[in-house]
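Reading the structure
The lines below spell out each chain.
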Amino acid sequence: MESKLKIKKLPIFIGNKKVAYFYFDSNDKKIEKLGESFIKEYEKLYSFFSINPKKLIHLHFLYSLEEMSSYWGGVPPKSLSGMVDNDNQFILYVYSPSVIEKFSSEKKSSIIPVIIHETAHTFVSSINLRCFYWINEGICQLLESSKVRDNIIKKENWQWFLKNKALSNPKLEWLDQIKHEGYKIAYNLTKYILKKYKKEAIIDLIKIRRESSENIEEKMKKIFKSDLKAFLSDFEKNIKII
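These numbers come from a predicted model, not from an experiment.

Now for the environment of Glu214. Within the secondary structure, Glu214 sits in the loop between helix H8 (182–207) and helix H9 (216–224). Remark: the alpha-carbon pair of Glu214 and Pro170, spanning 44 residues in sequence, is separated by 9.1 Å. Beyond its immediate chain neighbours, meaning those up to four positions away, Glu214 contacts Ile208, Arg209 and Lys219.

With that settled, consider a nonpolar patch on the surface. Where nonpolar side chains cluster on the molecular surface, the patch consists of Leu175, Ile178 and Tyr183 and spans about 270 Å² of accessible area. With respect to the helices, strands and loops of the structure, Ile178 is situated in helix H7 (residues 174–178). With relative accessibility at 31%, the residue Ile178 sits in the partly exposed group.

Our focus in this paragraph is the sheet that holds strand S3 (residues 57–62). The mixed open sheet is built from 5 strands, whose spatial order is S1-S2-S3-S5-S4. The open sheet terminates on both sides in strands that have one partner only, identified here as strand S1 (7–14) and strand S4 (82–84). Mean inter-strand twist for the sheet, computed between neighbouring axes without regard to direction, equals 20 degrees. The pairing of strand S2 (residues 17–25) with S3 spans 4 bridges and is parallel. Looking at S3, one finds that Phe22 is bridged to Leu59.

This next bit is on the packing of aromatic side chains. Each aromatic ring pair is specified by the distance between its two centres and by the angle formed by the two planes. Applying the stated criterion across every chain yields a total of 18 aromatic pairs. Aromatic pair Tyr71 and Tyr93: ring centres 3.7 Å apart, planes at 10 degrees, arrangement stacked. Taken together, the positions of Tyr71 in helix H2 (residues 65–72) and Tyr93 in strand S5 (residues 91–95) put the pair 22 residues apart, joining distant regions of the chain. For Tyr93, a relative accessible area of 5% corresponds to the buried category. The rings of Phe22, Phe38, Tyr42, Phe48, Phe49, Phe61 and Phe123 are connected pair by pair, giving a single aromatic cluster. The ring of Tyr21 carries Lys9 above its face, with NZ or CZ at 4.3 Å from the centroid.

Among the 9 residues in S2, 7 count as buried, and that is most of the element. Here 8 bridges tie S1 to S2, and the two strands are oriented antiparallel to one another. Paired with Phe13 across the strands is Lys18, a residue of S2. Between the end of S1 and the start of S2, which pair antiparallel, lie 2 residues, with Gly15 showing a positive phi angle near 65 degrees.

What follows covers the packing of H8 against helix H10 (residues 228–236). As a packed pair, H8 and H10 sit with axes 11 Å apart at the nearest point and diverge in direction by 100 degrees. By the angle class used here, H8 and H10 are roughly perpendicular. Together, Asn188, Leu189, Tyr192, Ile193, Lys196 and Tyr197 of H8 and Phe231, Asp234 and Phe235 of H10 make up the contact between the two elements. In terms of residue class, the contact of H8 with H10 is made up of 6 nonpolar, 1 polar and 2 charged.

For the rest of this paragraph, the subject is the side chain of His117. Relative to the helices and strands, His117 is located in helix H4 (residues 111–127). One polar contact links His117 to His121, side chain to side chain, over a distance of 3.2 Å. Looking at His117, its side chain comes within polar contact range of the side chain of Glu144, at 2.7 Å. Not counting residues up to four positions away in its chain, the partners in contact with His117 are Glu137, Cys140, Gln141 and Glu144.

With that out of the way, let us pick up the layout of surface pockets. A volume near 1,200 Å³ is recorded for the largest pocket. Lining the largest pocket we find 34 residues, and of these Trp72, His121, Glu137, Trp174 and Tyr183 sit closest to its centre. Split into classes, the residues belonging to the lining of the largest pocket amount to 13 nonpolar, 11 polar and 10 charged.

Attention shifts here to the pattern of salt bridges. Scanning all chains against the criterion turns up 11 salt bridges. Linking Glu41 and Lys44 is a salt bridge whose minimum nitrogen-to-oxygen distance equals 3.2 Å. On the criterion of helical spacing, the pair formed by Glu41 and Lys44 is a turn pair, its members being 3 residues apart in helix H1 (residues 31–49). What makes Glu41 buried here is its relative accessible area of 16%. Two residues, Lys184 and Asp150, come together in a salt bridge whose shortest N-O distance is 2.9 Å. Of this pair, Lys184 sits in helix H8 while Asp150 sits in the loop between helix H5 (133–144) and strand S6 (152–153), and the two are 34 residues apart along the sequence. The network of salt bridges with common partners includes Arg130, Arg209 and Glu211.

About the thresholds
- Residues numbered from 1 in each chain as written.
- Predicted model: local features only at pLDDT ≥ 70, side-chain atom pairs only at ≥ 80, totals over all residues.
- Heavy atoms only, no water.
- Helix = DSSP H or I, 4+ residues; strand = E, 2+ residues; numbered from the N terminus.
- Contact = heavy atoms within 4.5 Å.
- Patch = residues over 30% accessible without salt bridge, like charges linked within 9 Å, V, L, I, M, F, W, Y side chains within 5 Å.
- Areas by Shrake-Rupley, 256 points an atom, 1.4 Å probe, with all protein chains shown as cover.
- Salt bridge = Lys/Arg side-chain N within 4 Å of Asp/Glu carboxyl O.
- Buried < 20%, exposed > 50% of the residue type's maximum accessible area, 1.4 Å probe, protein only.
- Pairing = 2+ DSSP bridges.
- Axes fitted to C-alpha atoms, helices over the stretch in contact; angles between N-to-C directions.
- Phe/Tyr/Trp six-rings, centres within 6.5 Å; stacked < 30°, edge-to-face > 60°.
- Lys NZ or Arg CZ within 6 Å of the ring centre and 35° of its normal.
- Parallel < 35°, antiparallel > 145°, perpendicular 65-115°, else oblique.
- Nonpolar A, V, L, I, M, F, W, Y, C, P; charged D, E, K, R; others polar.
- Polar contact = N/O pair within 3.5 Å; in protein donor to acceptor, adjacent residues only side chain to side chain.
- 1 Å grid on protein atoms, 1.4 Å probe; cavity = no way out; pocket = protein on both sides within 12 Å on 5 of 7 lines; lining within 4 Å.
- Points joined across faces, edges and corners; volume = space filled by probe spheres on them.

So this is what it looks like as structure tokens:
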């Protein structure tokens, strides 16, 4: 299917500054209209992070499950509607609005939040390519600013998080965390931190490298002004464990 498409390349400017390229089927008339909404949301990301991504963003709109599967490395879950390239953090793949409901659980109306979520990753990567997964996914979920996520977390998943020291364990893979409500925990953690410690704490957490050589716990204690056990105990008061 991909070979039959005539791909159009559209530059996206904010003022005189080029920030991105959109790549899409030239017959897809809906994409160019997304440019204005993208610019408004991009400016909000800049306002939050106070930086621009280090490189131009290349956003590819996809039209088949096969395309997304080739980038994902297998058939993607239905919950997946967009992703960052595995080898280049500034290349993004998102289902076109024309097929997003067919191949994912998202609605057409979610296309801008999906795009902004993936774009937010490029801002995070420009601060630290190897930050902790939970803060990366947590802030990108918050900044996409459309979905209402509840704060109900299953007891076994929260116990898994604590047992595996997911807050500060640099060896814990994101795919393992996903199996234990990783996205929901990340969202609620980041929301709590943003409210209590403000965005400066979010930026400082992003700057902590996910490396065993880092003095991770001490850096987090300094940000939270608390030991990690006490911090997590306070956080628990903001979630419902069932």
